[in-house]
Each structure stands twice: as structure tokens, then as C-alpha cells.
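# Structure assessment
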Amino acid sequence: MSPNVWKYGLAVLALLGLVFLLRNISILENWNCSTVSALSRLQSHIHTSLSGPVPMFHHNHTFCAQLGQKASPEEELEEHSLLNSITWPGPPSASAPVALLKTSDPAHSSFTILPSENEGHWYVGDQLEVTVQVYDFKGRPKGYGGDFLLARLHSPEYRAGVAGVVLDHKNGLYSVRFLLLWEGSAQVEVTMVHSSEAVAVLQRLREKRPDRVYFKSLYHLGLQSETTVCNMCLPPDRGPLCDYTDSRTLEPWYCYKPRMLSCHTRINHAKGGYLKGITTNKEAALFRSGVNIKVPIRASGKDAISVLPSRTESRSVKPDAVNQATSGYYYEDWWRPLVGVAMRQFNSSAITLCLTNKVVYMYGDSTIRQWFEFLVDVLPDLKEFNLRSPKLVGPFMAVDSTHNILVTYRCHGPPIRFSTIMASELRYIANELDGLSGGPNTVVALSIWSHFSTFPVEVYIRRLRHIRKAVARLLDRAPGTLVVIRSANPQALDQQVSLYNSDWFSQQLDTVLRAMFKGLDVLVVDAWQMSVAHRHPHLLHPPPAIVRNMIDVMLSHVCP
């Protein structure tokens, strides 16, 4: 074949290919990039959004907070009060970061048990006070506060434990107070979760880098598929956006628009990943496992006491801050609340009897999904109905037809860092609550905290505000409904987990949650103190021994 024929043939094929491309481009829906340069920029952005650098947020801590429905003057006042309530002391403001050797060192720090005021004796009903002195890596006392400490008083012999109340004196000294609630041995344990300098880094990340976890969605139509980056707030100058703001709650959610598909072809939602390199080398040194993340502080002197029986037949409890802050304690691995209805222990038959003719709706993150899984595991007649839902994602449903029990679980709406969820299954808790009839045979259990740790607190306040309004509407139309809210809990931490899901983030959100639902007729299950006080190590998903106690707390209110 002559070279000219080859040449003409290639030219014809190229021309046909160009015509085919132009024809397809002309029929695309919502095509709004009118110039070649705009198309090039958008294609480049979408290509790099998942395979290369992820689009960064503007470093403006109000960028996310201003999205969504505008708050009323009363809501703005409440938000201001909530933010003030979680204000955290920290290092003196300075242009340069504190040198590592001048940061808090748990290995050099120590705690001291203060003498008893009762001639050296401690009695049940008294308080034990401990002083903690924090030192830096050179052994010098710190001159400012802000270290994040956790403390518990426990007894391996009695499988007993209670969380301590920590007071920061903002000068390197801390007081920890414990209620003495059982006779016999009691040992003090104080842990530095993060140094004050590390907490300052976490504060910066929360306000300036809510993009450190990013999300993605798959778009599909016919033979075409595209994946783009999504989040609660995306810089609009990086490309056209698909707006998935909820029409009822006005909770915002956005994805970058695909190159070749329309916004309504979205198929699913998934966690995209975690950004790397969000701290400097000096900041990274503040998050070292075994050095300055969740390291025990040693005792200066003895670390244990012996508690004698109460000196009176019925000792009155002083209504001070320590008593009010302590929700309960463990004895023989059984959680004993200090307020509310009497705690009962439920075996499988007692659970079945309690839940007969009842419906239990569970909404939220994986920590409330644990409750669903627990009930399915321990109740022999409660059978999970196969909805063909993705494992660990849901929605899930279990039925006991013999005893007329229905238990369901559904995850909360975005942001949620689960694996792939169908877009059609993304629901907001407030909307789900508005669809419930409620009544004396209805239990609603909620848990929503872990997936909000990477966002400014204003975002969490807004979400809880919608849920609180929906809870109030539910209780108004069906007063007999029991609404249970599971609080946050501490977890195992390493460097990466600290930057995205630190206990400090969780503790801040937990404080906000409790304040926002105070005064409403709901039951708060104190997962935080139930985890801190227990002998098991901290886990994001607490072990069955703790989950069983949480279920017992809930059922004690269902069937008092």
C-alpha cells in the first residue's frame, strides 16, 4: 500500500474521531465551560483532586461555620456561650513555636496524694485530692497550663473505678479530685493525653484545616464514570460545584462537578482519605507514642490509699462540683450511676422481656451501631433481616417476631467517614426523627460525635441544633418516647489518630453535646466516664463489658 494511502487514511480517522468527540460534547447535560481554557482548568483540577494534591480550604476558620441556615440571635448567643465554655488555656502566644525540650514531659512530671483531713484516714463518701506538677523535658516546672490530663481511681481487687475531675490552675499545677465510693484499696492513675503545646496544634488544625479528611463521590451514567472530591465546604474558585444541601435542615454538602456528567448522576459517598504533611517536623514531635501521647504520670510517693467504711449510717453527699461532675462508678465491673433510676443488670431473657412489643431506632456513628450488634449477638430470637446493606455501614434491621421486637440502625448524614454508602441512603438524623410516630413503646438511641472531630465546633453545634429541635418535636407529639443519647468516649491514640480524632476533639464535642441537651427530657449515657473509669484500655469501640453496661443503663430506663 502506498504511503499516500496511509496518510489519507489516518487523516480520515482523525477527522471522524474529532466529529465523534464534538458530537458527544454537544449533548452533555449542564455543560457550562464555554472556553477551551476553562475546560482545561476543570479537567486538570478533577484529575489531580484524587490522584494528586487535594484542593485546600481557605485558611479561614469561619469558612465552614458560615454555611447552612443562618442562626437566629438567640442561637448566636447560645453558640457564643458554648464556645466560651470549651475555651482551652494554652502556651503564651508567641511568634515562634515552643522548643521541644521546653514542652510538657509526662516522664518528668509527677502527682502527689494530699493528706487526708481526717487524721490520715479516708472514708467512703469523702473526696481524695491529688496534685499534679508538670515539668518539661529538662526537668523544669512548667509555668502555664493547658495539658490534657485524664485520671481515674481504681481497684483491680474489686474491679472498681471512678473518673477523676481535673482542675487546671494554669501555672503547671493541676488538682484532681475523686469521690471515694467503695471500701478497701484505691489506686490513683493520671495520664497525660497531650501536652499543652500539642493541644495548641490540634486547635489550629481544627480551625484552619477541616480539609484534612476528604471525601469523594462516584458519578455514573451509561458507560461513563467519574469520581470527584466532596466536603462540607469546598473553595468555589477551584471549579463548578454540585450542591447537595439538605432541603429541610439546610445542612450543606458539596462535590466538585464531574467533567462529563451532571450532578444528579451521583451514585455513592465514601471517605477519600487523610491529608499528609499537615504539621511541621517540630509539631510532629509533639505527637510521639510512648513519649507524649497518653503516657502515665508517675507518683511522687505512694499512689494508693485504703478507704474505710462511711462514718455515718447514711452519709449526705455535698452538692459540690466534683459530686455533680461524677456520673457513676464501677464495682465488680458493674456500672453504678449516682443519679437517676436504680441500675439493673439484664441477661438475655430479661432484655427480651423488657423490649417485648417495642421498637428501638438507632441513629448515628459506629459507636451506636455497636449497640445494635450487641443486641443481635445476645438475643437468640432477634434475627437480623438481610437488607443487603454494606457490612459495617447499614442500614440494618433485626426482628424478633415471637416477642414483637424491632431494632434498626441507620448511620447519620455526611460528614461520615465510612466506606462506600449509596447516595440514596444518606439521611440526616433530624429528618429521620421527624418521620417517627413515637410513643411509650418507642426507644430512640443517638450517637453523633466522632465524624465531626475535623471540623470547627460551630459545624457540630449547628448539626446538634437541628437534632435537638427534632427531638423536641418528637417528645411534644409523643411524650412517652424514650430518647437516649450516647456520649463520646476516649480511644487508643497514635500520631495519625491524634491529628484527626484526638480525645481532645472528642472531649470538646462531648462538652457541647451535654450542654445543648441539658434540660430536655432525654437520657444521656455517659460513655466518657464509663470508658475512663474502666480497667480496659481506651478504644474507639469499647469492649463488650462496657457496651453491656451502656445497654443496662438504657434498659433500666426502658424498664425501671
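Here's what I pulled together on the structure shown here. Being a predicted model, the structure only gives us computed values, none of them experimental.

So, about the sheet that holds strand S21 (residues 405-411). If you walk across this open sheet you meet the seven strands as S19-S20-S21-S18-S23-S24-S25, and the pairing is mixed. Taken across any chain shown, the strands that pair with only one partner, and hence form the sheet edges, are strand S19 (383-385) and strand S25 (523-525). On average, adjacent strands in this sheet sit at an angle of 20° to one another, irrespective of strand direction. Direction of pairing for strand S24 (residues 482-486) relative to S25: parallel, over a ladder of three bridges. Bridging across to S25, Arg 486 finds its partner in Val 525.

Moving on, we get to the sheet that holds strand S10 (residues 224-231). Judged by pairing direction, the sheet is antiparallel, and its six strands sit side by side in the order S11-S12-S10-S9-S13-S22 without closing on themselves. Of all the strands in the sheet, just strand S11 (241-243) and strand S22 (421-422) have a single pairing partner and so form its edges. Sheet topology places S10 next to strand S12 (residues 254-256); two bridges connect them, and they run antiparallel. Counted as the bridge partner of Cys 230 is Cys 255 from S12.

Turning next to the pairing of strand S15 (residues 304-308). Where burial is concerned, the two faces of S15 differ: the one with Ile 305 and Val 307 is buried and the one with Ala 304, Ser 306 and Leu 308 is not. Two strands pair when backbone bridges link them, and strand S2 (residues 122-123) and S15 are joined in this way by two bridges, in the parallel orientation. When the bridges of S15 are listed, Tyr 123 appears paired with Leu 308.

It is worth spelling out helix H13 (residues 503-517) at this point. Each turn of an α-helix holds 3.6 residues, which means side chains three or four residues apart point in the same direction. Spanning 15 residues, H13 covers 21 Å between terminal C-alpha atoms, matching the ideal 21 Å at 1.5 Å per step. Burial analysis of H13 places 11 of its 15 residues in the buried class, the great majority of the element. By the burial criterion, the buried members of H13 are Asp 503, Trp 504, Phe 505, Ser 506, Gln 508, Leu 509, Asp 510, Val 512, Leu 513, Met 516 and Phe 517. Positive backbone phi, approximately 90°, marks Gly 519, located one or two places after H13.

Okay, helix H11 (residues 457-477) next. The end-to-end C-alpha distance of H11 is 30 Å, a good match for the 30 Å that 21 residues give at a rise of 1.5 Å each. The buried count for H11 comes to 15 of 21 residues, which makes it a mostly enclosed element.

Okay, the packing of helix H5 (residues 196-208) against H13 next. Direction vectors running N to C along H5 and H13 enclose 65°, while the axes themselves pass 10 Å from each other. With respect to each other, H5 and H13 are oriented roughly perpendicular. Judged by the twist between their axes, the crossing of H5 over H13 is right-handed. Contact with H5, carried on its side by Val 199, Leu 202, Gln 203 and Arg 206, involves Trp 504, Phe 505 and Gln 508 of H13 and no other residues of that element. Class assignment for the residues of the contact of H5 with H13 results in four nonpolar, two polar and one charged.

Definitions and limits used
- Residues numbered from 1 in each chain as written.
- Predicted model: local features only at pLDDT ≥ 70, side-chain atom pairs only at ≥ 80, totals over all residues.
- Heavy atoms only, no water.
- Pairing = 2+ DSSP bridges.
- Helix = DSSP H or I, 4+ residues; strand = E, 2+ residues; numbered from the N terminus.
- Axes fitted to C-alpha atoms, helices over the stretch in contact; angles between N-to-C directions.
- Buried < 20%, exposed > 50% of the residue type's maximum accessible area, 1.4 Å probe, protein only.
- Expected span 1.5 Å × (residues − 1).
- Parallel < 35°, antiparallel > 145°, perpendicular 65-115°, else oblique.
- Left-handed = near helix turned anticlockwise from the far one by under 90°.
- Contact = heavy atoms within 4.5 Å.
- Nonpolar A, V, L, I, M, F, W, Y, C, P; charged D, E, K, R; others polar.

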